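In case you want the letters, here they are:
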Amino acid sequence: MQIFSKLFIDAASYIEESEYWTYLILYLFKGDRFYLVGFANTYDFFLEFARKRRRISQFVILPPFQRRGHGNQLIKILYETAKADPQCTEITVEEPAPEFQLMRLNYEVQVVLNEIGHILFRDLQSGLVSSVVDYEKLRIPRSLIEEVRKHEKICMEELYRVFELIKYALIDRSKEEIVHNFKKDLYHRMTRTTFIDYNQVIKCRQIYVKDQDEETSCRPMVLRLMKLANSTEVEKAVDAEYEEVAESYEALKGKLIAYLSKVIKH
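Residues numbered from 1 in each chain as written. Predicted model: local features only at pLDDT ≥ 70, side-chain atom pairs only at ≥ 80, totals over all residues. Heavy atoms only, no water.

A. Geometry of empty space enclosed by the protein. One pass over the structure, following the stated rule, counts 1 cavity of 30 Å³ or more. Of the volumes computed, that of the largest cavity is approximately 40 Å³. Lining the largest cavity we find L120, F121, L138, I140, I166, K167 and L170. Top contributing element to the lining of the largest cavity by residue count: helix α6 (residues 156-170), with 3 residues. (1 Å grid on protein atoms, 1.4 Å probe; cavity = no way out; pocket = protein on both sides within 12 Å on 5 of 7 lines; lining within 4 Å. Points joined across faces, edges and corners; volume = space filled by probe spheres on them. Helix = DSSP H or I, 4+ residues; strand = E, 2+ residues; numbered from the N terminus.)

Below, the structure is given as structure tokens:
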């Protein structure tokens, strides 16, 4: 099986057998034969109090079976197995490829809207959000985000991206004030993550970080924001993040609008 990892994943390495690794293999039964469709493997990092974080390490759908819904099926199984494990606190991904990240976002948006869509949009009428008053209705309480994280095992950073994508789909992007408020929310999310991670790096520096270069490579966006010299550089960083959200939205536009329309109507 690992030969396929070397063939289809850049810089993939062979995995040593261990109780912490889990393999999932997707087969298609047709006629009297089984066909290998794809596979994924995960690694469990154990935390304190018998809790663990599950990381998707490799994920492959073989070329003849791509774009047929098999990837979405496999990622659904990965999340459902994590949800069924009471020790697992969240599921993350090791260096996701852009195509995988879009598929992951597509699945997570469906999950979040099915879970709490009726709460998110109960005060929102149909159509785009074009006023500051309506935009404020899109703010999601931290307690609700935490509830979704615990139940669906989606990591917090990824949940923020999901909610940002949903917001972006709903706002009237021709309204400068609305776009400004959305970018301001992006900035708060970026800096909030930055301060947490930066403090952790400093706290553990003597143990984990040997030199300045290694510290800088830990999380480029995290540490770069902390060192920005002026407001112009901050604005550029936020604009870049805004373009990333826009790119994800354009790639998932048709599906996302269909999900939102269904939820808002109900």
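B. Region of interest: the packing of helix α2 (residues 70-84) against helix α3 (residues 98-120). Following both chains from N to C, one finds α2 and α3 inclined at 65°, their axes separated by 10 Å at the closest point. As α2 runs across α3, the sense of the crossing is right-handed. Facing G71, N72, I75, K76 and Y79 of α2, the residues of α3 in contact are F100, M103, R104, N106, Y107, E108 and Q110. Here the residues of the contact of α2 with α3 sort into 5 nonpolar, 4 polar and 3 charged. (Axes fitted to C-alpha atoms, helices over the stretch in contact; angles between N-to-C directions. Left-handed = near helix turned anticlockwise from the far one by under 90°. Contact = heavy atoms within 4.5 Å. Nonpolar A, V, L, I, M, F, W, Y, C, P; charged D, E, K, R; others polar.)

C. Structural view of the packing of α3 against α6. In contact at an axis separation of 9 Å, α3 and α6 are set at 75° when each is read in the N-to-C sense. As the angle between them shows, α3 and α6 are arranged roughly perpendicular. Across the interface between the two elements, Q101, R104, L105, E108, V109, V112, L113, I116 and L120 from α3 touch E158, L159, V162, F163, L165 and I166 from α6. Tallied by class, the residues present in the contact of α3 with α6 amount to 11 nonpolar, 1 polar and 3 charged. (Parallel < 35°, antiparallel > 145°, perpendicular 65-115°, else oblique.)

D. Inspection of unusual backbone geometry at higher detail. Here the phi dihedral of R67 falls at roughly 60°; this positive angle occurs in a residue that is not glycine. Here R67 lies in the loop between β3 (52-61) and α2. Of note in the backbone geometry, K153 takes a positive phi value of approximately 65° without being a glycine. Tracing the backbone through its elements, the reader meets K153 in the loop between α5 (142-152) and α6.

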